Amino acid sequence: MTRFAPYPRRAYSNLFKAWARRNKKSLALLTFGLLVLLAFETAVILTLFPDGRFQWWFLGGLQAALIATALHFVNAAFLAHERQAIWQLRGAWGEEATRDELRRAKKKRLIWGWVDSINLQAGDLDHLALTRSGGIVAIDSKWRSDGADTTEMARSAARVKLRADAVTRSLLKPERGAHRARLHSAAVTPLIVIWGPVQDHVPESFQIDGIEFVGGRRLLDRLATLTGEPVDRDAAADALTRLKDFRANTWAPASNRS
């Protein structure tokens, strides 16, 4: 896991570690049983089958299948006993899917770049992207199977905009240089990007309290239509460096997040 992995991915990892500690005896017994089974099937195959390349290929495939089955069982048991784990996993899926779209947006020259997982005292920013012609975009990624909590998500996005505004005001003060002054004046546009089954049911230009919702597969199209303060290359490079430094200095493990 990279240092700046999304908060849900780090939280999921912490939940798994805590669950594993609570169930270490059961996991040790499962591991012992797996090792016995692997040794037994190895002995049987080496005894009954003639020596040859196929023997080792079959042995390796069977061992890999047994190990994969054991890992799947452990993961299923973890998800069954930790209700929050699936929420965090879906959150990680959403953030990682948005990151993939931002990579595509950069290749298509829609954005200069972006920074993920910026920790703040009052919460975190999933993604802060610097567009070429639409100012700064603060993205809050969500994975949803239904749209029942859109109002709550809009409140969440409003908080994200306030956090993004605070970060850009702090890091991109006008007196620090011409490029930063121009970028400081750029508007911050909040977007809630929805992933999961509900994304195809999000109407175009759908807003709640002025906060726009975008289906994940339409994120690139939305970034392409953003208009506002143009951001030049030097201003973007300077801002991205400052944002990454800020993230590095304020980053904290998921267990320390308020």
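1. Observations concerning the packing of aromatic side chains
Piece 1. Enumeration according to the criterion identifies six aromatic pairs in this entry.
Piece 2. Summarising the aromatic geometry, the rings of F16 and F78 are spaced 5.1 Å apart at their centres and angled 90 degrees between planes, so their arrangement reads as edge-to-face. You can see F16 sitting in helix α1 (residues 7-22) and its partner F78 sitting in helix α3 (residues 53-81), a full 62 residues away along the chain.
Piece 3. For F16, a relative accessible area of 29% corresponds to the partly exposed category.
Piece 4. With 5.6 Å between their ring centres and 55 degrees between their planes, W19 and F78 make a pair best called tilted. Here the residue W19 occupies a position in helix α1, and F78 occupies one in helix α3, the gap between them amounting to 59 residues.
Piece 5. When its relative accessible area of 0% is taken as the criterion, F78 is described as buried.
Piece 6. The structure contains a cluster of three or more aromatic residues connected by ring pairs, namely Y12, F16, W19 and F78.

2. Brief notes about the layout of surface pockets
Piece 1. A volume near 160 Å³ is recorded for the second largest pocket.
Piece 2. Lining the second largest pocket we find P203, E204, S205, E212, F213, V214, R218, D221, R222 and T225.
Piece 3. Split into classes, the residues belonging to the lining of the second largest pocket amount to three nonpolar, two polar and five charged.

3. A few points about the confidence of the model for the protein chain
Piece 1. Per-chain confidence: the protein chain averages 81 in pLDDT, with 84% of residues scoring 70 or above.
Piece 2. When mean pLDDT is compared element by element in the protein chain, helix α7 (residues 219-225) scores highest at 92, while helix α6 (residues 178-184) scores lowest at 54.

4. Some remarks on the environment of I192
Piece 1. Among the structural elements, I192 can be located in strand β4 (residues 188-195).
Piece 2. Take I192: its relative accessible area is 0%, and that puts it in the buried class.
Piece 3. Between the C-alpha atoms of I192 and M153, which are 39 residues apart in sequence, the distance is 7.6 Å.
Piece 4. If we ignore the near neighbours within four places in the chain, the residues touching I192 are D140, K142, M153, A154, A157, I211, E212, F213 and V214.

5. A look at the packing of α1 against helix α4 (residues 83-107)
Piece 1. Relative to each other, α1 and α4 sit at 150 degrees, their axes nearing to 7 Å. Here α1 is positioned roughly antiparallel relative to α4, judged by the angle of their axes. In the crossing of α1 with α4, the sense of the turn from one axis to the other is left-handed. Listed contacts from α4 to Y7, P8, R9, A11, Y12 and L15 of α1 are Q84, A85, Q88, L89, G91, A92, W93, E95 and E96.
Piece 2. The residue inventory of the contact of α1 with α4, partitioned by class, reads nine nonpolar, three polar and three charged.

6. Remarks on the environment of A92
Piece 1. Looking at the element boundaries, A92 is found in helix α4.
Piece 2. Taking the C-alpha atoms as reference, A92 lies 6.4 Å from P6; in sequence the two are 86 residues apart.
Piece 3. Filtering out sequence-adjacent residues up to four positions away, A92 remains in contact with P8 and R9.

7. Comments concerning the nonpolar core
Piece 1. Counting residues in hydrophobic clusters, the biggest one holds 19 residues, and the most contacted among them are I118, L125, L128, L130, A138, A164 and L243.
Piece 2. Those elements that provide at least two residues to this core are β1 (111-120), β2 (123-131), β3 (136-143), α5 (150-171) and α8 (233-250).
Piece 3. Looking at this core element by element, the count peaks at six residues for α8.
Piece 4. In terms of nonpolar packing, the next biggest core, distinct from the first, is built from 17 residues, I111, V137, L219 and L226 among them.

8. Quick notes on the pairing of β3
Across a regular strand the side chains alternate sides, sitting on one face of the sheet and then on the other.
Piece 1. Among the eight residues in β3, seven count as buried, and that is most of the element.
Piece 2. Summarising the sheet, β3 and β4 pair through eight bridges and their orientation is parallel. Considered in β4, the bridge of S141 is made with V193.

9. Let's talk about helix α2 (residues 24-48)
Piece 1. When the terminal C-alpha atoms of α2 are compared, their 36 Å separation across 25 residues agrees well with the 36 Å that a helix rising 1.5 Å per residue should span.
Piece 2. Those residues of α2 that fall on the buried side of the exposure criterion are L34, L38, E41, T42 and I45.

10. Some words on α4
Piece 1. Between its terminal C-alpha atoms α4 stretches 38 Å, which fits the 36 Å expected from 25 residues at 1.5 Å a residue.
Piece 2. Within two residues after α4, R109 carries a phi angle of roughly 65 degrees, on the positive side.

Parameters and conventions
- Residues numbered from 1 in each chain as written.
- Predicted model: local features only at pLDDT ≥ 70, side-chain atom pairs only at ≥ 80, totals over all residues.
- Heavy atoms only, no water.
- Phe/Tyr/Trp six-rings, centres within 6.5 Å; stacked < 30°, edge-to-face > 60°.
- Helix = DSSP H or I, 4+ residues; strand = E, 2+ residues; numbered from the N terminus.
- Buried < 20%, exposed > 50% of the residue type's maximum accessible area, 1.4 Å probe, protein only.
- 1 Å grid on protein atoms, 1.4 Å probe; cavity = no way out; pocket = protein on both sides within 12 Å on 5 of 7 lines; lining within 4 Å.
- Points joined across faces, edges and corners; volume = space filled by probe spheres on them.
- Nonpolar A, V, L, I, M, F, W, Y, C, P; charged D, E, K, R; others polar.
- pLDDT = per-residue confidence, 0-100.
- Contact = heavy atoms within 4.5 Å.
- Axes fitted to C-alpha atoms, helices over the stretch in contact; angles between N-to-C directions.
- Parallel < 35°, antiparallel > 145°, perpendicular 65-115°, else oblique.
- Left-handed = near helix turned anticlockwise from the far one by under 90°.
- Core = buried A, V, L, I, M, F, W, Y, C linked by side-chain atoms within 4.5 Å.
- Pairing = 2+ DSSP bridges.
- Expected span 1.5 Å × (residues − 1).

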